[in-house]
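# Observations on chain architecture
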Amino acid sequence: MASDLLKKPLKLALVQMAAGADKPANLQRARTQVLEASKAGAKLIVIPECFNSPYGTQYFPKYAETLLPSPPSREDSPSFHALSTIAKEANAFLVGGSIPEYSPATKKYFNTSLTFSPSGDLLATHRKVHLFDINIPGKITFKESEVLSPGNKVTIVDLPEYGKIGIAICYELRFPELAMIAARKGCFALIYPGAFNTTTGPLHWELLARARAVDNQVYVALCSPARDMDASYHAWGHSLVADPNAEVIAEIDEKEGIVYAELNGERIDEIRKGIPIYKHRRFDVYPDVSEGDIKYEE
Ligand SMILES: NC(=O)CCC(=O)C(=O)O
């Protein structure tokens, strides 16, 4: 019996690409690797957070593009047009990692993810809601909010013929509420373009992916850039897919490469039948975070 959540099997690819200082080269690299994934049969393809620029607050203003009004002009957003064309060439849904965005109307910068359909149409825009501001003395200090402003919407995207996915960016993996809202609204997978680092990555990256998967009994996919030890920020890499039972079913090391996984709705149904937490929740005892005044990207 077909699953209500994911109507037919879906091949997912996570493109763990290197992103350097040369924006046109980053766009070209994304194209080459997305097309390789599509040749391998992937119908949902993800690229990393900040794929068109090095990751660092010092780079965001220089690499930022203007997305509104939508569609933007080619001059305002070469990355928007590259992603739309790549999705069409690949004939696949493309979660376009994220790019630094500048809004002239508000004079604010955002960390923004664009998702395109196989015909190259923009399906959703997610501006990172939870900014990465951390300070681990002697290890890493990073403050996205020095430059970026937060988005304020939950992003759920309907992939026609398949089902719904939730999209959030990197640090947002640490916020179970976001994942729970998306899962309880019927998503079969939570997709996170991300760039954890070599301090937090070893302990938390896989743990958090598996935690969000087991909490919600959905697929969880994390797509990182490849590690570049010459860059100012050392990405953890290790793009991976956890299944609805929190098993890591595909993973890569820190180098460039593509991770593939077959997603199957019947696997979600099987796990939910065996451990029926969806029937056991007690909203008479505590509130349902997926109800109430939630702001969605439309
Ligand atoms: N780009 C990010 O949001 C990094 C998040 C991260 O490394 C973490 O530990 O959280």
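Preceding block: the structure.
Nothing here was measured: the structure is a model prediction, and the numbers come from that model. (Residues numbered from 1 in each chain as written. Predicted model: local features only at pLDDT ≥ 70, side-chain atom pairs only at ≥ 80, totals over all residues. Heavy atoms only, no water.)

## Here we look at the overall build of the chain
Each helix and strand counted, the chain has seven helices and 15 strands in total. Over its C-alpha trace the chain gives a radius of gyration of 18 Å, about what one expects of a compact globule, namely 19 Å for 298 residues. With the C-alpha coordinates aligned to their principal axes, the bounding extent of the chain is approximately 50 × 45 × 40 Å. Contacts in the chain between residues at least 24 apart in sequence constitute 68% of all its contacts with a sequence separation of at least 6. In the structure as shown, the chain presents an accessible area of about 13000 Å², 53% of it carried by carbon and sulfur atoms. In the chain, 33 positive and 37 negative side-chain charges are present, and the distance between their average locations comes to 2 Å. (Helix = DSSP H or I, 4+ residues; strand = E, 2+ residues; numbered from the N terminus. Rg over C-alpha atoms; globule rule 2.2 N^0.38 Å. Contact = heavy atoms within 4.5 Å. Areas by Shrake-Rupley, 256 points an atom, 1.4 Å probe, with all protein chains shown as cover. Lys, Arg positive; Asp, Glu negative; His and termini not counted. Charge placed at Lys NZ, Arg CZ, Asp CG, Glu CD.)

## Section: the pairing of strand 10 (residues 163–167)
With four of five residues buried, strand 10 lies mostly within the body of the structure. In this antiparallel pair of consecutive strands, strand 9 (residues 155–159) and strand 10, the connection spans three residues, and Glu 161 shows a positive phi of 80°. Of the pairings in the sheet, the one linking strand 10 to strand 11 (residues 187–193) comprises four bridges and is parallel in character. When the bridges of strand 11 are listed, Gly 166 appears paired with Leu 190. Each parallel crossover has a hand, and for strand 10 linked through helix 4 (residues 176–184) to strand 11 it is right-handed. (Buried < 20%, exposed > 50% of the residue type's maximum accessible area, 1.4 Å probe, protein only. Pairing = 2+ DSSP bridges. Right-handed = clockwise from strand over helix to strand, strands pointing away.)

## A look at the sheet that holds strand 13 (residues 240–242)
Reading across the sheet, the six strands line up as 9-10-11-12-13-14 and stay open at both edges, with mixed pairing between neighbours. The open sheet terminates on both sides in strands that have one partner only, identified here as strand 9 and strand 14 (248–251). The average undirected angle you get between the axes of adjacent strands in this sheet is 20°. (Axes fitted to C-alpha atoms, helices over the stretch in contact; angles between N-to-C directions.)

## A few points about the side chain of Asn 111
Looking at the element boundaries, Asn 111 is found in strand 5 (residues 108–116). Only 2.9 Å separates the side chain of Asn 111 from the side chain of Glu 49, close enough to count as a polar contact. Not counting the four nearest positions on each side in its chain, Asn 111 is found in contact with Glu 49, Ser 98, Ile 99, His 126, Arg 127, Lys 128, Glu 144, Leu 148 and Ile 169. (Polar contact = N/O pair within 3.5 Å; in protein donor to acceptor, adjacent residues only side chain to side chain.)

## Structural notes on the site of the ligand
Taken together, Glu 49, Tyr 55, Lys 128, Phe 132, Cys 170, Tyr 171, Arg 174, Ala 195, Phe 196, Asn 197, Thr 200 and Tyr 233 make up the full set of residues adjacent to the ligand. Within the contact set of the ligand, an oxygen atom lies 3.1 Å away from a backbone nitrogen or oxygen of Tyr 171. One of the side-chain N or O atoms of Thr 200 is found 2.7 Å from an oxygen atom in the ligand. Relative to its free-state accessible area of 290 Å², the ligand is covered by the protein chains to the extent of 100%. When the residues that make up the shell around the ligand are grouped by side-chain class, the tally is seven nonpolar, two polar and three charged. (Near = heavy atom within 4 Å. Nonpolar A, V, L, I, M, F, W, Y, C, P; charged D, E, K, R; others polar.)

None of this, on its own, says anything about what the molecule does.
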